[in-house]
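# An overview of the molecular structure
Take a look at the letters that make up each chain.
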Amino acid sequence: MIERLWAKLSKSSLQPADPGAFENVPEHVAIIMDGNGRWAKDRGLPRMAGHHSGMKAVKRITIAADRLGVKYLTLYAFSTENWKRPKAEVDFLMKLPQQFLEIELDELIANNVQVRMMGHKEDLPPFTISAVEEAIVKTANNTGLVLNFALNYGSRKEMLEAVKDIAADVQQGRLAIEDIDDKVMADRLLTSGLPDPDLLIRTSGELRLSNFMMWQLAYSELWFTDVYWPEFTEAHFHEAILEYQRRARRYGGL
Ligand code: FPP
């Protein structure tokens, strides 16, 4: 299987996605895109230059995921904790989805990509929301790769809101405590309707989850690299997929 994948990749440059071409490609890949600031610092550039370059990596990896036949790509673009950063950096990060979509939306549409967002919309500036919502509406009927941006996303907040929702249903008599199971919880998370990630990638050498998809990653394979996000290429992505394909997933069984 690995040999077949390499054969495919070596001639993959401009080939369309061909999901049936190889087995065991992760259906859902989630990425913590880390290291923009350090990438910029190493080059004597402002942090914003790192984020700008990170945006180009988003495009690169979206194309790479689509070519491989990945069905869902979830990208951690802004966490509920990122508001603690200096205002100028937050403002810059808030403009990135709009900038990205202004440049790439037509191509995403042409490539049958479906844009989604998961996160707490209430605190996001209107221009960020409207850019993302426009992309969601315009790509709603696309059937290719689902590109899911985690924007103002935090796993603890997501789980607390799900728990409150369940508690309210119990209080109102709509749900019995003994009926609360994984599905009841999963249906109330922001990922409702999406499969759990098969593979989590984190760049930049940090080895933590940083409040990202802590329910959904329960049985995901984790893959870390020292490479900073702006320099993360299709080749690095393939490396992660190949490593994933070598692993045996047992989900607690034998
Ligand atoms: C973490 O690196 C990165 C972020 C908080 C922002 C990630 C955003 C992008 C990669 C661009 C998003 C693009 C779109 C289209 C939404 P860091 O700043 O924490 O890096 P550091 O740890 O080296 O300081």
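On a predicted model such as this, the values are computed, not experimentally measured, just so you know.

## Quick notes on the UniProt feature "binding site: Mg(2+)" (unreviewed entry) in the protein chain
UniProt records the feature "binding site: Mg(2+)" (unreviewed entry) for Asp-34 and Glu-221 in the present numbering. Looking at where Asp-34 falls in the secondary structure, it is placed in the loop between β1 (28-32) and α2 (36-42). Apart from residues no more than four positions distant in its own chain, Asp-34 is found in contact with Arg-202, Thr-203, Ser-204, Glu-206, Tyr-228 and Trp-229. With respect to the element layout, Glu-221 can be found in strand β6 (residues 221-224). Contact partners of Glu-221, with chain neighbours within four places excluded, come to Asp-198, Leu-199, Leu-200, Tyr-244, Arg-247 and Arg-249.

## Some remarks on the nonpolar core
Formed by 45 residues in total, the largest nonpolar core has its most connected members in Val-29, Ile-31, Ile-201 and Phe-237. Examining the composition of this core, we find that eight residues originate from one element, helix α4 (residues 87-110), more than from any other. Among residues more than four places away in sequence, those in contact with Phe-237 are Val-29, Ile-31, Ile-61, Ala-64, Ala-65, Leu-68, Val-70, Ile-201 and Phe-232. In this structure, Tyr-76, Met-118, Ala-150 and Leu-217 belong to the second largest nonpolar core, which totals ten residues.

## Brief notes about the site of the ligand
Around the ligand, the surrounding shell holds 17 residues, and the nearest of these are Gly-37, Arg-38, Arg-47, His-51 and Arg-85. Within the backbone of Gly-35, a nitrogen or oxygen atom sits 3.4 Å from an oxygen atom of the ligand. Between an oxygen atom of the ligand and a main-chain N or O atom of Gly-37, the distance comes to 3.0 Å. Contact with the protein chains covers 91% of the free accessible surface of the ligand, which is 630 Å². Looking at the shell around the ligand, the elements that each hand over two or more residues are α2, α3 (47-68) and α4.

## Observations regarding the packing of α4 against helix α5 (residues 126-139)
Contact pair α4 / α5: the axes reach a minimum separation of 8 Å and the direction vectors enclose 20°. As judged from the angle between their axes, α4 and α5 are roughly parallel. Of the two possible hands of crossing, α4 and α5 adopt the one that is left-handed. Residue-level inspection shows Met-94, Lys-95, Pro-97, Gln-98, Leu-101, Leu-105 and Ile-109 of α4 in contact with α5, the latter providing Phe-127, Thr-128, Ala-131, Val-132, Glu-134, Ala-135, Lys-138 and Thr-139. The residue makeup of the contact of α4 with α5, split by class, is nine nonpolar, three polar and three charged.

Thresholds applied
Residues numbered from 1 in each chain as written. Predicted model: local features only at pLDDT ≥ 70, side-chain atom pairs only at ≥ 80, totals over all residues. Heavy atoms only, no water. UniProt positions renumbered as here; feature names shortened; annotations may be inferred. Helix = DSSP H or I, 4+ residues; strand = E, 2+ residues; numbered from the N terminus. Contact = heavy atoms within 4.5 Å. Core = buried A, V, L, I, M, F, W, Y, C linked by side-chain atoms within 4.5 Å. Buried < 20%, exposed > 50% of the residue type's maximum accessible area, 1.4 Å probe, protein only. Near = heavy atom within 4 Å. Polar contact = N/O pair within 3.5 Å; in protein donor to acceptor, adjacent residues only side chain to side chain. Areas by Shrake-Rupley, 256 points an atom, 1.4 Å probe, with all protein chains shown as cover. Axes fitted to C-alpha atoms, helices over the stretch in contact; angles between N-to-C directions. Parallel < 35°, antiparallel > 145°, perpendicular 65-115°, else oblique. Left-handed = near helix turned anticlockwise from the far one by under 90°. Nonpolar A, V, L, I, M, F, W, Y, C, P; charged D, E, K, R; others polar.

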